[in-house]
Amino acid sequence: MIEDMLRTPAAVQDSERHTAHNYHPLPVVITSAEGAWVTDVDGNRYLDCLAGYSALNFGHRHPTLVAAAHAQLDRLTLTSRAFIHDQFADFCRELAALCGKDLVLPMNTGAEAVETGIKVARKWGYQVKGVPAGQANIVVAEGNFHGRTTTIVSFSTDSDARADFGPYTPGFRIVPYGDLAALTEAIDEHTVAVLLEPIQGEQGVVVPPEGYLPGVRRLCTERDVLFIADEIQSGLGRTGATFACEQEGVVPDMYLLGKALGGGIVPVSAVAADADVLGVLKPGQHGSTFGGNPLACAVATEVVRLLATGEFQRRSAALGERLHAGLRGLIGKGLVAVRGRGLWAGLDIDPALMSGRQACERLMERGVLAKDTHGSTIRLAPPLVITEEEIDHAVAQLTAVLAD
Ligand SMILES: *Cc1c(COP(=O)(O)O)cnc(C)c1O
């Protein structure tokens, strides 16, 4: 520990002195960034292969998004929803159209979108499905990550995320991810929703078995249960489509969106659903001071327009092929498994070689930033503006780290 401190640059130590230690960041202090690259306080450049956990799908400081933010900062930043502002209608209409849904409800963080989804599903259950008061249940999956609020960690299966934060919110049932039979068993007449990530990002980019998501869709329709897809990390271009669900031909009843929706500039999240679902909320029943604020709407409307062209989804699909081909070539050469879709990959490193953390530290020394998750797994999720050459560069650096 003391040795660590001696080797740690002053700027890294400074950042830890007055901070709760709820993160264990890589020892790099970033001062500027553009596109897929960041620069540290010593002028070293790194290829960003995490992209803010997919909050930076369009890269750092995408010119269109930065211009929208600047222009909006000079006009109007906040009104609260007590009044209407001129950026609101376009954002809601265009995001609803992108999602193919009637309505959207804007919030700020991903966790708030999840909480909103849970509240809407419960109210829908009581008012539309006819579940007896206080009896609603929601089925979720093992290995889930939906955020950090007390209700959300109540149904986490990660002990770090959950332990000592009780008492826990009741009303959730946990089934193994990818197991349709277990899900069928868990649903009863009081089930109002199934809440799932179409690909489990935090768990290590875990893709469910073929046919699972269509099976969930069928089951939810048959049993009059809402299918809520948490696309906060998987959505908005990451997997090579607007939504990961789309690649399985599945349309959920509710999309939960966040991360990339804010263009890497402001926190913006949203719930999108049809009027028979989101319409259950009446004035006073839910809200957020900052949700749908003018700055957020101005930026997020441009995000929706970037996605509406399909360009980023195509890039992610095409460049993802290249990334995955490169990574598959490392299986048996330090990697034991590679999962994912588009520009999104979970890699299991041979635990005999090094931990995920060690791999990320060595990648950092070679100018590539990535993040470990759960032991020997690392996650790659570069900005969708990354080039072929930069992908090859990242794979080459990983190859070198595994060979060292
Ligand atoms: C990041 C994430 C969240 C939580 O988003 P915050 O903005 O950190 O609250 C929820 N669900 C998924 C799938 C995520 O990846």
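Since the structure is predicted, the reported quantities are computational estimates derived from the model, not experimental observations.

## What to know about the overall build of the chain
Here is step 1 of the chain: A count of helical and extended segments in the chain gives 15 helices and 15 strands.
Here is step 2 of the chain: Against the globule reference of 22 Å for 404 residues, the chain gives a C-alpha radius of gyration of 21 Å, in line with a compact fold.
Here is step 3 of the chain: Overall, the C-alpha framework of the chain stretches about 60 × 55 × 45 Å when taken along its three principal axes.
Here is step 4 of the chain: Taking contacts inside the chain between residues at least 6 apart in sequence as the whole, the part at least 24 apart equals 72%.
Here is step 5 of the chain: As presented, the chain carries roughly 17,700 Å² of accessible surface, and 53% of it is formed by carbon and sulfur atoms.
Here is step 6 of the chain: For the chain, the distance from the average site of its 34 positive side-chain charges to the average site of its 48 negative ones is 2 Å.

## Focus on empty space enclosed by the protein
Here is step 1 of the chain: Summed over all chains, the structure comprises 1 cavity of 30 Å³ or more.
Here is step 2 of the chain: Approximately 30 Å³ is the volume attributed to the largest cavity.
Here is step 3 of the chain: Residue lining of the largest cavity: L363, V368, L380, A394, V395 and L398, and that is the complete set.
Here is step 4 of the chain: With 3 residues, the single largest contributor to the lining of the largest cavity is helix 15 (residues 388-403).
Here is step 5 of the chain: Here the lining of the largest cavity is composed, by residue class, of 6 nonpolar, no polar and no charged.

## Re the site of the ligand
Here is step 1 of the chain: Residues in close proximity to the ligand include T109, G110, A111, F145, H146, G147, E197, D230, I232, Q233 and K259, which together make up its full environment.
Here is step 2 of the chain: Between the ligand and A111 there is a distance of 2.8 Å, counted from an oxygen atom to a backbone nitrogen or oxygen.
Here is step 3 of the chain: Relative to its unbound accessible area of 380 Å², the ligand is 81% covered by the protein chains.
Here is step 4 of the chain: The class makeup of the residues in the shell around the ligand is 3 nonpolar, 5 polar and 3 charged.

## Topic: the pairing of strand 4 (residues 103-107)
Here is step 1 of the chain: With respect to burial, strand 4 is a largely interior element, 4 of its 5 residues being buried.
Here is step 2 of the chain: With 5 bridges connecting them, strand 4 and strand 10 (residues 269-273) associate as antiparallel partners. Each residue of the ladder has a partner; that of V104, found in strand 10, is A272.

## Digging into the sheet that holds strand 7 (residues 191-196)
Here is step 1 of the chain: Taken in spatial order, the 7 strands line up as 4-10-9-8-7-5-6 in an open sheet, and their pairing is mixed. Pairing within the sheet leaves two strands with one partner each, and these edge strands are strand 4 and strand 6 (172-175). Direction aside, neighbouring strands of the sheet carry axes that sit 20 degrees apart on average.
Here is step 2 of the chain: When strand 5 (residues 137-141) meets strand 6, the two strands line up parallel, connected through 4 bridges. Its bridge partner being in strand 6, V139 is matched across the sheet by R173.
Here is step 3 of the chain: Of the strands in this sheet, strand 7 and strand 8 (226-230) touch helix 10 (residues 212-222), which is tilted by about 145 degrees from strand 8.

## Here we look at the domain arrangement of the chain
Here is step 1 of the chain: Structurally, the chain comprises domain 1 (2-62 + 311-403) and domain 2 (76-308).
Here is step 2 of the chain: When each unit is reduced to the centre of its C-alpha atoms, the spacing between domain 1 and domain 2 is 27 Å.
Here is step 3 of the chain: Tallying the contact residues gives 28 residues for domain 1 and 28 residues for domain 2.
Here is step 4 of the chain: In this assembly, domain 1 packs against domain 2 so that about 2,400 Å² is buried in total across both faces, 56% of it on carbon and sulfur atoms.
Here is step 5 of the chain: On the domain 1 side of the contact with domain 2, Q313, R341 and W344 bury the most area, a combined 33% of that side's loss.
Here is step 6 of the chain: Counting the contacts that link domain 1 with domain 2 gives 2 salt bridges.
Here is step 7 of the chain: Ionic pairing is found between E248 and R341, a salt bridge with its closest N-O pair at 3.1 Å.
Here is step 8 of the chain: Where the side of domain 1 that touches domain 2 is concerned, the elements lending two or more residues are helix 3 (51-54), helix 13 (311-328), strand 11 (335-340), strand 12 (345-349) and strand 15 (377-380).

## Description of the side chain of S269
Here is step 1 of the chain: Relative to the assigned elements, S269 resides in strand 10.
Here is step 2 of the chain: Judged by its relative accessible area of 0%, S269 is buried.
Here is step 3 of the chain: Apart from the residues within four sequence positions on either side, S269 is in contact with L105, P106, M107, N108, T109, G110, A113, L257, G258 and L261.

## Here's the deal with helix 10
Here is step 1 of the chain: For helix 10, the complete set of buried residues consists of Y212, L213, G215, V216, R217, L219 and C220.
Here is step 2 of the chain: Lining the buried residues of helix 10 we find helix 9 (180-186), strand 7 and strand 8.

## Things to note about the packing of helix 14 (residues 356-365) against helix 15
Here is step 1 of the chain: Following both chains from N to C, one finds helix 14 and helix 15 inclined at 120 degrees, their axes separated by 10 Å at the closest point. Compared by their axis directions, helix 14 and helix 15 come out oblique. Here the hand of the crossing between helix 14 and helix 15 comes out right-handed. In contact with A359, R362 and L363 of helix 14, helix 15 contributes Q397, L398 and V401.
Here is step 2 of the chain: Within the contact of helix 14 with helix 15, the residues separate by chemical class into 4 nonpolar, 1 polar and 1 charged.

## Let's talk about the environment of I174
Here is step 1 of the chain: The topology assignment puts I174 in strand 6.
Here is step 2 of the chain: Once the C-alpha coordinates of I174 and A272 are considered, the two residues, 98 residues apart in sequence, prove to be 24 Å apart.
Here is step 3 of the chain: Among all residues touching I174, those that are not within four sequence positions of it are V140, A141, E142, F155 and T157.

## Remarks on the sheet that holds strand 1 (residues 30-34)
Hydrogen bonds along the backbone pair up the strands of a sheet, which may run parallel or antiparallel.
Here is step 1 of the chain: One open sheet accounts for 4 strands, arranged 1-2-3-13; its pairing is mixed. Single-partner strands in this sheet number two, and they are strand 1 and strand 13 (368-369).
Here is step 2 of the chain: Inspection of the sheet shows strand 2 (residues 37-40) paired to strand 3 (residues 45-48) by 3 bridges, in the antiparallel sense. Paired with V38 across the strands is Y46, a residue of strand 3.

Criteria and thresholds
- Residues numbered from 1 in each chain as written.
- Predicted model: local features only at pLDDT ≥ 70, side-chain atom pairs only at ≥ 80, totals over all residues.
- Heavy atoms only, no water.
- Helix = DSSP H or I, 4+ residues; strand = E, 2+ residues; numbered from the N terminus.
- Rg over C-alpha atoms; globule rule 2.2 N^0.38 Å.
- Contact = heavy atoms within 4.5 Å.
- Areas by Shrake-Rupley, 256 points an atom, 1.4 Å probe, with all protein chains shown as cover.
- Lys, Arg positive; Asp, Glu negative; His and termini not counted.
- Charge placed at Lys NZ, Arg CZ, Asp CG, Glu CD.
- 1 Å grid on protein atoms, 1.4 Å probe; cavity = no way out; pocket = protein on both sides within 12 Å on 5 of 7 lines; lining within 4 Å.
- Points joined across faces, edges and corners; volume = space filled by probe spheres on them.
- Nonpolar A, V, L, I, M, F, W, Y, C, P; charged D, E, K, R; others polar.
- Near = heavy atom within 4 Å.
- Polar contact = N/O pair within 3.5 Å; in protein donor to acceptor, adjacent residues only side chain to side chain.
- Buried < 20%, exposed > 50% of the residue type's maximum accessible area, 1.4 Å probe, protein only.
- Pairing = 2+ DSSP bridges.
- Axes fitted to C-alpha atoms, helices over the stretch in contact; angles between N-to-C directions.
- Domains from an automatic or database assignment.
- Buried area = accessible area lost by both parts, 1.4 Å probe.
- Salt bridge = Lys/Arg side-chain N within 4 Å of Asp/Glu carboxyl O.
- Parallel < 35°, antiparallel > 145°, perpendicular 65-115°, else oblique.
- Left-handed = near helix turned anticlockwise from the far one by under 90°.

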